[in-house]
Each structure stands twice: as C-alpha cells, then as structure tokens.
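Descriptive analysis of the structure
In case you want the letters, here they are:
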Amino acid sequence: MPAPVVLVAEELSPAAIAQLESEFELRQVDGSDRAALLAAITDVDAVIVRSATRIDAEALEHATRLSVVARAGVGLDNVDVAAATKAGVMVVNAPSSNIVSAAEHAVALLLSLARNVPQAMASLTAGEWKRSKFTGTELAGKTAGILGLGRIGALVAQRLAAFGMNVIAYDPYVPAARAGQAGTRLVSLEELLAEADFISVHLPRNAETIGLLGDRELRLVKPGVRIVNAARGGIVDEDALALALKEGRVAGAGLDVYATEPPAGSPLFGFGNVVVTPHLGASTHEAQEKAGVQVAKSVRLALAGEFVPDAVNVQGGTVDEDVKPGLPLAEKLGRIFTALAGGLAARLEVEVRGEIAVSDVRVLQLAALKGVFARVVEDAVTYVNAPLLATERGLEVSLVTESESPDWRNLVTLRGTMADGQVVSVSGTLTGQRQLPKLVAINGFDIEIGLAEHMVFLTYTDRPGIVGVVGQILGSEGINIAGMQVSRDARGGHALIVLTVDSAIPPLVLDDIISTIGAVVGRTVDIEDDD
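Report on the accompanying structure. Because the structure is a prediction, the values reported are computed rather than measured. (Residues numbered from 1 in each chain as written. Predicted model: local features only at pLDDT ≥ 70, side-chain atom pairs only at ≥ 80, totals over all residues. Heavy atoms only, no water.)

Some remarks on the pattern of salt bridges
Heads up, the condition is: Only one rule defines a salt bridge in this text: a Lys or Arg side-chain nitrogen within 4 Å of an Asp or Glu carboxyl oxygen. The rule is simple: take the accessible area with a 1.4 Å probe, protein chains only, and divide by the maximum for that residue type; under 20% is buried, over 50% is exposed, in between is partly exposed.
In total, this model carries 25 salt bridges according to the counting rule given. In this structure, D56 and R54 form a salt bridge, with 2.4 Å as the shortest nitrogen-oxygen distance. The partly exposed category is assigned to R54, whose relative accessible area is 47%.

As structure tokens, then:
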C-alpha cells in the first residue's frame, strides 16, 4: 500500500520535515501561488500551511483525497474551518506553540517602557547623549496587573513576580486557588485599575472584551500607569488610550496588536512614550519550530486514524447519528449557562434524558463544555481541549443519563453549582422534523422559545406593565423583538422574560432596562450560529 501523501505548502522546520519524511511521501508547493496550489492539492492526504496559503471551499473542492489541513501556528484565519468540516476534513493547529514567545514579548514591551529603551536608542544613534532625559523606573516593588490569567497571562505573571513585583489579576473565570498557584491575587477590574503600576492584557477578543479598557476605565487608573497589550487588538480602545496619554493619566504604552492590522495612521504613533511592534508575539525561531513539530505530530496521528489532541473540528471519532443534532444544542446551552452564571461554576452536571440517552452521549458533555468556555478563554475551544480547560480551572464535570423524559422526547440540561452555593440551570431540546433547538427551562422557570443569535434574560418581581416597558426601551433604540416568553414562579413572585432580538443589545441599553424595571438579573447572550 503506497504511503499517504503530505503536501507542504510553506516552509517548515527541519525537525518537522524529518518527522514526516519517515512515514509519508512529501511534496512541496508554493502555497501563495494559487494555480500551483490547486493543481498540487488534488491527490494528497494532508496539507500543511502557515499564514500565506489559503485553504477555502474552492481548494477543498479540488482536494478529493484530503483528510487533514494542518496550520503550523495558532490562528486559522486562512482556513475555512466550516467548509472543511462539511467536507469531512480534519483541521488542526498548534495552539500552544507560541505561548512562551508571546509571554516573553509582553515582558519585553513592559521592560522597554520602564527603561525607555527604544527612545534612548533612537536618541543615541541620532548623535545625542541625553542620559537624564531617559531616566526610567524599577519594576521591583511595583504592582503588575494582569488582565486575563490564561496560559500566557499566567506565564507573564510568573516572570513579573521574579522581578520582585506584586502581581494581581482580573479574570472572572479563574478560581482563586488557581490564581494563587500562579502567584497572583484575584481582584475586580476596578481594583486592578486603581492599584496597578503596570497593566498587561492577555484576554481573548470577543463581545465582552472589545473596548474593555475604554475612556471610563482609563479615568480610573493609577496615575502614571503603563499599559501593555500583546494579546488582541481592540481590547484597549486606541482613541481613549491616546487621550489618556495626551492628558498624562497614562505614562506610557506598549502595543504589539491593533484594532486594524496593519494600523494605518494610528493616533498612538505620535507619542514618544509609546513602544510599538508589528504583531511579533509569535515571531521567534523557537515558536516556529514548535509549531512545525506539533502539526507534524498531529498529521501523523490523524492519518493513522488515532486521537488528535489539537483537532479544532469534530472529525476525530465516530458520533452516533441520533446524537449529532444535539451537538449544537449542547454547545449553545453552554454559552447561555456561562452568561447566566456570570462566572465559572465549581461543579457542572450535564444531564441527558430521553431516547437519545441509550446512545453514547459523552460527546454532548464535550459540546456543553465547549460552549461553557467559548467566551472564557483566549484560545479556540475544541471538543478535545475542553476537558483540559475544565481540569485546569478546577471545574468538576459529571454526565448523567436517564432514558425517561416525561415532558420532552429528548432533553439536555446543564446544572451548575457556583462557589457560593447558588445553582444555575438551563435546559433545551430539539423539536420537529427539522430538529430545531429550543430553550425549555431556565433556573426552574418553564419556558419554550427557539434559540437565536441574540437573546436577553431578565428576572424581576412579577407585576403589570413590565413587558411594555421593556418593549418601549428596545423600540426607542431601534432593536426589534423577534420572540418573547414570560414565566413566573408565583403570582407576584419572581418572573422571567426571555427575548430573542434581531441585533445585539448594547450594555448601556441593558443597564437602562435593568434599572428601569428593577431587574434582579439581566443578561444578554450572543450565540454564534454554528450550523
């Protein structure tokens, strides 16, 4: 039997090539040459790319034998994962290849800010000798604030602690015990802003974090703070940061990422106390080497039909046909659960009831965890790494199955216990021939409403007129209500409104609704369409 064929579309490290050559027929092509790529990919079993090669629906149509697309790096912007999944092609990347490089680059920016390194170099090479102009500040004894205590944030925290810094962190999804292991103290965002002499950003970019450090937050910072962002562009509002630098509220900034890349005409480029680099966080020889070796290993496992830890789509194992429709439902329930809980639970029970429970439904637990962590961590969450994320964060997860389901043919429930003992639960089912997902219970309230991309949950004291008030506020903002369900535990007791709306509700509008109706809980959930 001939050896599988692996197409290398961009440069790989010698170590990666050596791994592949021992087992496969290797071919090479310039992936940036579109015509050459489409011709070369027709009869290969795997293709390895970096960032210059685009693997989209057209390329996948030409690749009649393709089993694996491997990206020797973290991002997958140049790979159409949805099209690959539809075609039955596994997509893998190297999610941990750059974490050390990214952490070290953040520290490099921070040190450059503290000691004015690039400014002093520019002055010296221009023929000047102005030592007093570039007097810096020591890190020892200062407070470092880490925004996001994931893998990279934790590495930065450890390195800054070695400089004798007091390290604090803001991350609502990390238990205090895990923060303590990283040598940090968890605080609120407001506390971090008030206490930190240096702030380093290590959060994922999503609806919750875009503009997290905006004008309001930059007016709460400790005077003379220095801010580093080597995570994702847009988390720090660049216009607000420019104003804070101009007014002297912020003493300096180090940026490796930008809201738009490349950042044409950034308002930050005119400041002498700003250090900028062109997204170099992963640009080290070591990171590139690790990426190549990691994807080579994944390709070997995939072509051997074995378990692939770094797979980013569901092609690593057999899933019962009766279970497959429940995967998007469980994942979306996980997203809703996290939003309603407002943090990470200490324990999570995934309960599957009904006819589906006779099948192997362990993948539904993975799907639920994938949804739970989707808005929590910076890296892509997969069916494979979701259990590891739960373990790292001390989340105890259990799966309960029961063939009896009195009210619904099949029912999936996520029931979590928070650190303070509060229990949060959300239940959903699939209905009709099209197996449409519906919410059927939230925290003990019975409802029945279809899932949508934008949803709102409001808990308040039951009384007349609330529905009209909510509708009026949304209408005045041009936000159209697509669906609504109201439930209550008793007349005059607590009531729940669940809304589906056509567009996302801005935080200020939600705050207005909460204060106007006196809501006990108000949450919005933006559910990406995974179908």
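Description of the environment of V174
We count it as follows: Elements are defined by DSSP. Helices are runs of H or I of four residues or more, strands are runs of E of two residues or more, and each kind is numbered from the N terminus. Two residues qualify as a contact provided that any one of their heavy atoms is within 4.5 Å of a heavy atom in the partner residue.
Examined against the element boundaries, V174 turns out to sit in the loop between β7 (166-170) and α8 (176-181). For the pair V174 and V377, spaced 203 residues apart in sequence, the C-alpha separation works out to 9.9 Å. Discounting residues that sit within four places of it in the chain, V174 has contacts with L149, A179 and L186.

Examining the sheet that holds strand β22 (residues 521-526)
Basically, it comes down to this: Here a strand pair is declared whenever DSSP counts at least two bridges between the two strands. For helices, the fitted line uses only the C-alpha atoms of the stretch in contact; every axis is such a line through C-alpha atoms, and the angle between N-to-C directions lies from 0 to 180 degrees.
Sheet architecture is open: four strands sit in the order β20-β21-β19-β22, paired in antiparallel fashion. Each end of this open sheet is capped by a strand with a single partner; those strands are β20 (481-488) and β22. Across the sheet, the mean angle separating the axes of adjacent strands is 15 degrees when strand polarity is ignored. Relative to strand β21 (residues 494-501), β20 runs antiparallel, the two sharing seven bridges. Directly across from G483, in β21, lies its bridge partner T500. Together, β19 (454-461), β20 and β21 form the strand contacts of helix α16 (residues 466-476), whose direction differs from that of β21 by roughly 30 degrees.

What to know about the packing of α16 against helix α17 (residues 507-517)
To keep it simple, the criterion reads: Orientation is classified from the angle alone, with under 35 degrees giving roughly parallel, over 145 giving roughly antiparallel, 65 to 115 giving roughly perpendicular, and any other angle giving oblique. Crossing handedness is read from the near helix: turned anticlockwise from the far helix by less than a right angle, it gives a left-handed crossing, and turned clockwise, a right-handed one. Polar here means any residue other than Ala, Val, Leu, Ile, Met, Phe, Trp, Tyr, Cys and Pro, which are nonpolar, and Asp, Glu, Lys and Arg, which are charged; Gly is therefore polar.
For the pair α16 and α17, the least separation of the axes is 10 Å and the interaxial angle reads 155 degrees. Relative to α17, α16 is oriented roughly antiparallel. In this structure, the crossing between α16 and α17 has a hand that is right-handed. Together, I466, V469, V470, I473 and L474 of α16 and V509, D512, I513, T516 and I517 of α17 make up the contact between the two elements. Among the residues forming the contact of α16 with α17, the class breakdown is eight nonpolar, one polar and one charged.

Quick notes on unusual backbone geometry
Following E261, the chain continues to P262 via a peptide bond in cis, the omega torsion being -5 degrees. Positioned with a positive phi, N116 is a non-glycine residue whose angle comes to about 55 degrees. Its location among the elements puts N116 in the loop between α5 (99-115) and α6 (117-125). A positive phi is found at H279, a non-glycine position, where the angle reads about 50 degrees. Residue classification places H279 among the partly exposed positions, given a relative accessible area of 38%.

Examining the nonpolar core
For the record, the criterion: As used here, the term nonpolar core means buried Ala, Val, Leu, Ile, Met, Phe, Trp, Tyr and Cys residues forming a set that is joined through side-chain atoms within 4.5 Å.
Counting 50 residues, the largest nonpolar core has I336, F373, L414 and L439 as its most contacted members. The element contributing the most residues to this core is helix α13 (residues 326-341), with nine residues. Once residues lying within four places of it in the same chain are set aside, the contact partners of L439 are L333, I336, V426, S427, G428, I447, E448, I449, L451, M455 and F457.

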